[in-house]
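An overview of the molecular structure
Read off the chains here:
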Amino acid sequence: MRTVTILGKAPRAAALVQGEVWAINDLQTHIPEGWLFDQWDRWFDLHTDSHIKKHRPLAWEWYQRSDGHRPIYLHRPYAEIAGSVAYPRDDIQTLFTVGGHPCEYFTSSVDWMLALAISEGVDRVVLHGVDLWDAPHERGDQRCGAHYWIGIARGRGIDVEIPDESSLCKATRLYGWFNSTSDRNFSSVSMDRFLEQVREAKLMQAPGYVAPGLDTADIVTLAPAPVSPPLNDRG
């Protein structure tokens, strides 16, 4: 039985990964092993090279030091990155044609990774460290996308394992009956993370706010707006 573990960056319980390990982006900055982490079979960074160099420069340098014995999926191959291969986007979109049109419902790297695993006919996928709860864009489009592709995989007979510490595909109540679901560990949806989300929401209201991770020009710090004098001080 072929098992693929998709290794994400969310907080997760310590556990031995199973089967092939497909890792993502700058995972090393979220694990104790750091850049010495070597327990992987395929790596995925499905962003433009300018985005990676701007937001994850250490990851790009790490890709350049790769020995080429294992594939690193990028938008295209790069001469300076041994082992870099182009993710087969067109083939995947065509394979999952919907209503006569190539599928366009890919909201995160996890979606592309799940789709590739499905296309290769794996028997089991373990989502380890995949939660999609941290940032607003994760809780919105990306979370919905992951649920969609998990459903596609399960519908094709693939066993998709979601650890207890992930909140994916879990609900606190059964709709209609409104009784609580079975006791599961929702540690990933903690009060600390909720308060961090509140803090982030306040930052988003600030003038000149630019969402992190976007392919934008370097953010220029805006000078504070001049403060008008009180009315009784005006000439």
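Residues numbered from 1 in each chain as written. Predicted model: local features only at pLDDT ≥ 70, side-chain atom pairs only at ≥ 80, totals over all residues. Heavy atoms only, no water.

Some points on the environment of Ala115
To keep things clear, this is the line we draw: Secondary structure counts use DSSP, requiring at least four H or I residues in a row for a helix and at least two E residues in a row for a strand, with both numbered from the N terminus.
Mapping Ala115 onto the fold places it in helix H4 (residues 109-119). Linking Ala115 and Leu95, residues 20 residues apart in sequence, is a C-alpha distance of 9.4 Å.

Some words on H4
Operational definition: In this scheme, a residue with accessible area under 20% of its type's maximum is buried, one over 50% is exposed, and one in between is partly exposed, where area comes from a 1.4 Å probe on protein chains only. A 3.5 Å cut-off defines polar contacts: any pair of N or O atoms within that distance qualifies, except that in protein one atom must be a possible hydrogen donor and the other a possible acceptor, and neighbouring residues in sequence count only when both atoms are side-chain atoms.
Counting buried positions over the 11 residues of H4 gives 10, a clear majority of the element. Among the residues of H4, those classed as buried are Ser109, Val110, Asp111, Trp112, Met113, Leu114, Ala115, Leu116, Ala117 and Ile118. If you check the start of H4, you find a side-chain oxygen 3.2 Å away from the backbone N of Val110, and it comes from Ser108.

Some thoughts on unusual backbone geometry
The phi dihedral of Asn25 falls on the positive side, at around 45 degrees, and the residue is not glycine. With respect to the helices, strands and loops of the structure, Asn25 is situated in the loop between strand E2 (20-24) and strand E3 (42-44). Given the relative accessible area of 8%, Asn25 is considered buried.

Focus: helix H2 (residues 57-64)
The periodicity of an α-helix, 3.6 residues per turn, causes residues three or four places apart in sequence to face the same way. As a reminder, the rule being used: An arc is given here, and it is the one of the directions from the helix axis to the C-beta atoms. The contact rule is simple, with two residues in contact once any of their heavy atoms fall within 4.5 Å.
When H2 is considered as a whole, its buried residues turn out to be Ala59, Trp60, Trp62 and Tyr63. Each buried residue of H2 lies within a common arc of 160 degrees when the element is viewed along its axis, so the set occupies one face. Buried residues belonging to H2 abut E3, helix H1 (49-55) and strand E4 (72-74).

Re the pattern of salt bridges
Where charged atoms from two side chains of opposite charge come close, those side chains can pair. Just so we agree on the cut-off: Within this document, salt bridges are pairs made up of a side-chain nitrogen of Lys or Arg and a carboxyl oxygen of Asp or Glu, the two lying within 4 Å of each other.
Applying the stated rule across the entire model yields eight salt bridges. Asp38 serves as the salt-bridge partner of Arg70, at 2.7 Å between the closest nitrogen and oxygen. Taken as a pair, Arg70 in the loop between H2 and E4 and Asp38 in the loop between E2 and E3 lie far apart in primary sequence, 32 residues in all. A salt bridge links Arg124 to Asp159, with the nearest nitrogen and oxygen atoms 3.5 Å apart. Placement of Arg124 in strand E6 (residues 124-128) and of Asp159 in strand E7 (residues 159-161) is noted, with a sequence separation of 35 residues between them.

Quick look at the sheet that holds E4
Where strands meet in a sheet, backbone hydrogen bonds hold them as pairs that are either parallel or antiparallel. Defined as follows: Any two strands with at least two DSSP-identified bridges between them are counted as paired. Lines fitted to C-alpha atoms define the axes, with helix axes restricted to the stretch in contact, and inter-axis angles between N-to-C directions lie between 0 and 180 degrees.
As summarised here, the arrangement of the seven strands in space is E5-E4-E3-E2-E1-E6-E7, forming an open sheet in which the pairing is parallel. A strand with exactly one partner marks an edge of an open sheet, and here the two such strands are strand E5 (84-86) and E7. Ignoring which end each strand starts from, the neighbouring axes of this sheet average 25 degrees apart. Strand direction decides the pairing type here: E2 and E3, joined by three bridges, are parallel. In the sheet register, Ile24 faces E3, and the bridge partner there is Phe44. Of the strands in this sheet, strand E1 (3-7), E2, E3, E4 and E6 are in contact with H4, which crosses E2 at around 155 degrees.

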